[in-house]
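If you want the building blocks of each chain, they are given just below.
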Amino acid sequence: AAERAAFNSKIGNNHMMFHGCAWSAVPSILQKGLLVPRDGVELQRVDNGWLGKAIYWGSEWYTAQEYTGSTFSSLPEDAQACMLICNVALGKVFH
């Protein structure tokens, strides 16, 4: 609890956000956490990102759903996708 309070006081601006991914990415996320893609590190990615290599979040589920690799309305019955809901420290946001 103290570590979380210290982190929040330094970063702040926390929000519950959505992160969509393919089900096949879940074991790696659980084992290593969410990692920022970088050169020399092989990570499964849906695309190169609108703003470069980063971990992308959406404030609405349907934004993150685009990164699951398919749309829920078109998923076959046996297909699996994952939607994470996480407390994200956004820090200072520039508009």
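Residues numbered from 1 in each chain as written. Predicted model: local features only at pLDDT ≥ 70, side-chain atom pairs only at ≥ 80, totals over all residues. Heavy atoms only, no water.

Undergrad: Can you walk me through the overall build of the protein in this structure?
TA: A tally of regular secondary structure across the protein gives 3 helices and 2 strands. The secondary structure elements of the protein, listed N-terminal to C-terminal, are α-β-α-α-β. When burial is assessed residue by residue, the protein has 20% of its 95 residues classed as buried. Sequence-distant contacts in the protein: of pairs separated by 6 or more residues, those separated by 24 or more amount to 64%. As displayed, the protein offers around 7300 Å² of accessible surface, 56% of which is attributable to carbon and sulfur atoms. (Helix = DSSP H or I, 4+ residues; strand = E, 2+ residues; numbered from the N terminus. Buried < 20%, exposed > 50% of the residue type's maximum accessible area, 1.4 Å probe, protein only. Contact = heavy atoms within 4.5 Å. Areas by Shrake-Rupley, 256 points an atom, 1.4 Å probe, with all protein chains shown as cover.)

Undergrad: Any chance you could explain the environment of glycine 58 here in plain terms?
TA: Mapping glycine 58 onto the fold places it in the loop between α2 (26–32) and α3 (61–65). Along the primary structure glycine 58 and glycine 20 are separated by 38 residues, whereas in three dimensions their C-alpha atoms are 8.6 Å apart. Excluding residues that lie within four positions of it along the chain, glycine 58 makes contacts with Met17, Phe18 and Thr63.

Undergrad: Help me out: how do you make sense of the packing of aromatic side chains in this one?
TA: What characterises a pair of aromatic rings is the spacing of the ring centres plus the angle enclosed by the ring planes. Evaluation of the coordinates by the stated rule reveals 1 aromatic pair. An angle of 80° between the planes, with centres 5.9 Å apart, marks the rings of tryptophan 61 and tyrosine 62 as edge-to-face. Residue classification places tryptophan 61 among the partly exposed residues on the basis of a relative accessible area of 44%. (Phe/Tyr/Trp six-rings, centres within 6.5 Å; stacked < 30°, edge-to-face > 60°.)

Undergrad: What is the right way to read the confidence of the model for the protein from this model?
TA: Interpretation of the predicted coordinates at a detailed level should be avoided for regions scoring low in pLDDT. Of the residues in the protein, 69% reach a pLDDT of 70 or more, and the chain-wide mean stands at 76. Mean pLDDT in the protein bottoms out at helix α1 (residues 2–10), which sits at 73, and peaks at strand β1 (residues 14–22), which reaches 88. (pLDDT = per-residue confidence, 0-100.)

Undergrad: How should the nonpolar core be read in this particular structure?
TA: Burial of nonpolar side chains together is a common tendency in soluble globular proteins. In this structure, Cys21, Ala25, Val26, Ile29 and Cys82 together form the largest nonpolar core, which totals 5 residues. In contact with isoleucine 29, not counting residues within four places along its chain, are Cys21, Leu34 and Leu84. (Core = buried A, V, L, I, M, F, W, Y, C linked by side-chain atoms within 4.5 Å.)

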